Amino acid sequence: MNKASHKISLTDGETEISCPEGVSVLVAMHRAGLSKIPVGCRAGGCGVCKVRVVSGQYHVGKMSRAHVSEADEAAGVVLACKVFPEGDLLIDPQGKFYKSQQK
Amino acid sequence: MAINGVLRPGFMQIRVMEMEKALWHYRDILGLDVVGTGEDGRVYLKAYDEFHRHSIILRETDVPGMDVMGFKVSSDAYLDESAEKLKNYDCKTEWVEAGEQPGVGRRLRVHLPSGHLFDFYADMELSDNGPMTENPDVFKDMPRACGVIRFDHALLYGVNVMENFKILNEVFDFELAEVQNDPEGKPLVIFLSISNKAHDVAFAEHEEPGKLHHCSFLLEDWNAVGHAADIMTRFDIPVDIGPTRHGITRGRTIYFWDPSGNRNEVFAGGYHYYPDLPQRTWDFDNVGKAIFYYEKKLNDTFLPVVT
Ligand code: FES
Ligand SMILES: [Fe+2]
């Protein structure tokens with residue numbers, strides 16, 4: 001391996017994946033075939049992938065201010081498609097799930 | 001049939017979060033040409049086969065979505081007539097002065113009940129890089145990338161869309177060509193035509209006003225749709241669905257997102273509409289086939305995800 005990977009865990013206590021440096025949390029989840037966070041535009045615009053980062057280091061890309069206020073961002077409430085881990089992360093999904101995912 | 005009054009969708013101003021990434025998408029992937037940048041930073045683009053100065057305007061800000069959609073009309077007098085008629089409706093109107101967009105005359109702005117802004121204008125300068133008109137070749141410069149032919153239509157999400165239809169029909173002669181009903185049999189998505197196209201704009205009933213579902217660009221045929229699909233995979237464009245076909249309008253299509261999460265479509269085909277044709281209707285039991293004709297079922301994202 002030439003690039004660092006980070007461990008992403010969800011607060012459900014059962015989901016754990018590894019996310020390569022430079023890949024967003026959402027894309028890493030999607031590639032792992034998991035739908036624990038809803039996937040939409042993958043561009044920080046639609047807001048469906050909202051999560052709260054409980055702990056860990058990361059940086060974010062541009063996110064729509066219609067979905068993430070400055071206060072949200074400071075509190076770790078962010079869009080998973082724009083979260084790039086810099087260390088292991090613990091994440092709590094917040095988004096509205098799609099009908100097919102509601103049981 | 002002579003088309004008079006409203007002629008066609010002419011422009012859309014789209015909000016993007018990072019101009020550089022947006023330009024990569026609209027210029028280098030879709031193949032639009034950059035016309036110029038205004039003093040306020042808005043960037044103007046056009047497709048190779050469009051005659052007028054610009055059709056897509058990108059404005060950088062921190063909330064993506066649509067600012068306004070513009071429709072070209074046949075005469076300036078039509079704007080005054082329409083403004084007069086609009087006094088009978090409970091919707092705000094205003095005049096946007098000539099030059100607010102370079103090369104564009106005054107615009108009659110209508111604040112639609114759905115929360116969208118529609119501008120109607122009679123004048124836009126012809127492009128100095130438009131299609132050839134004398135012994136015209138099929139293109140002047142070779143189309144690039146997806147090589148979209150023109151900005152074609154949009155699907156917009158908002159409240160009270162049948163109120164929109166009332167105004168657009170009674171004042172501007174938009175016709176209701178096709179309808180997707182909800183489970184109670186009430187209109188969920190309405191497809192409106194002001195031309196021979198199956199739709200020039202569509203509206204879906206949605207709890208939030210003023211949302212953009214997609215902005216659509218025309219391609220020549222199925223082969224061009226396939227080429228666009230290759231480009232999307234090669235350059236890792238987030239694709240919503242496609243290539244597939246719609247039951248509604250019969251267009252062959254791909255849906256994908258720009259780098260700010262605004263959905264785009266490239267499509268080819270669709271039936272021809274005439275105002276004397278009966279309206280087509282889909283009940284909710286057939287919504288899968290209506291939206292995605294080959295899959296015959298909806299995906300998770302197409303209906304709920306908007307900007
Ligand atoms: S998927 Fe649309 S904001 Fe993340
Ligand atoms: Fe469309």
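Residues numbered from 1 in each chain as written. Chains lettered and ligands numbered in written order. Predicted model: local features only at pLDDT ≥ 70, side-chain atom pairs only at ≥ 80, totals over all residues. Heavy atoms only, no water.

## Things to note about the sheet that holds strand β17 (residues 280-282) of chain B
Residues and elements named next belong to chain B.
And then number 1: With mixed pairing, the 9 strands of this open sheet are ordered in space as β14-β15-β16-β13-β9-β12-β11-β10-β17. The open sheet is flanked by β14 (239-245) and β17, the only strands paired with a single partner. Looking at each pair of strands side by side, their axes are set apart by 15° on average, direction ignored.
And then number 2: Against the sheet, helix α3 (residues 161-172) contacts β9 (150-158), β10 (175-181), β11 (187-193) and β12 (201-205), and its axis sits at roughly 20° relative to β11. (Pairing = 2+ DSSP bridges. Helix = DSSP H or I, 4+ residues; strand = E, 2+ residues; numbered from the N terminus. Axes fitted to C-alpha atoms, helices over the stretch in contact; angles between N-to-C directions. Contact = heavy atoms within 4.5 Å.)

## Concerning the pairing of β11(B)
All names here are of chain B.
And then number 1: Burial within β11 is extensive, with 6 of its 7 residues counted as buried.
And then number 2: Turn length for the β10-β11 hairpin, with the two strands adjacent in sequence and antiparallel, is 5 residues, and the turn residue G185 shows positive phi of about 85°.
And then number 3: As paired elements, β11 and β12 share 4 bridges and run antiparallel to each other. Following the sheet pairing, F191 is matched in β12 by A202. (Buried < 20%, exposed > 50% of the residue type's maximum accessible area, 1.4 Å probe, protein only.)

## A short note on the coordination of the iron ion (ligand 2)
Residue and element names in this part refer to chain B.
And then number 1: For the iron ion (ligand 2), the full set of protein donor atoms is H153 (NE2), H214 (NE2) and E265 (OE), and the range of their distances to it is 2.1 to 2.2 Å.
And then number 2: Sequence spacing of the donor residues for the iron ion (ligand 2), all on one chain, is H-x60-H-x50-E. Taken together, the residues span a long stretch of sequence, with H153 in strand β9 and E265 in strand β16 (residues 263-268) at a distance of 112 residues. Here H153 matches E265 in class, with each residue buried. (Donors = N, O, S within 2.8 Å, 3.2 Å for Na, K, Ca; no water.)

## Details of the interface of chain A and chain B
And then number 1: Listed by partner, the interface residues are 18 residues for chain A and 18 residues for chain B.
And then number 2: A buried area of about 1300 Å², summed over both sides, lies between chain A and chain B, and 60% of it is on carbon and sulfur atoms.
And then number 3: Broken down residue by residue, the surface that chain A buries against chain B is led by A:C41, A:K62 and A:Y98, which jointly contribute 32%.
And then number 4: At the boundary of chain A and chain B, one finds 0 salt bridges.
And then number 5: Tallied by class, the residues present in the side of chain A that touches chain B amount to 8 nonpolar, 6 polar and 4 charged. (Buried area = accessible area lost by both parts, 1.4 Å probe. Salt bridge = Lys/Arg side-chain N within 4 Å of Asp/Glu carboxyl O. Nonpolar A, V, L, I, M, F, W, Y, C, P; charged D, E, K, R; others polar.)

## Focus on the packing of aromatic side chains
Residues and elements named next belong to chain B.
And then number 1: A complete count under the given rule lists 12 aromatic pairs over all chains for this structure.
And then number 2: Grouping aromatic residues by their ring pairs yields a cluster made of F71, Y78, F118, F120, F172, F174 and F203.
And then number 3: The ring centre of F235 lies 4.5 Å from the NZ or CZ of R234, which sits over that ring.
And then number 4: Directly above the ring of W222 sits R252, whose terminal nitrogen or CZ lies 6.0 Å from the centroid. (Phe/Tyr/Trp six-rings, centres within 6.5 Å; stacked < 30°, edge-to-face > 60°. Lys NZ or Arg CZ within 6 Å of the ring centre and 35° of its normal.)

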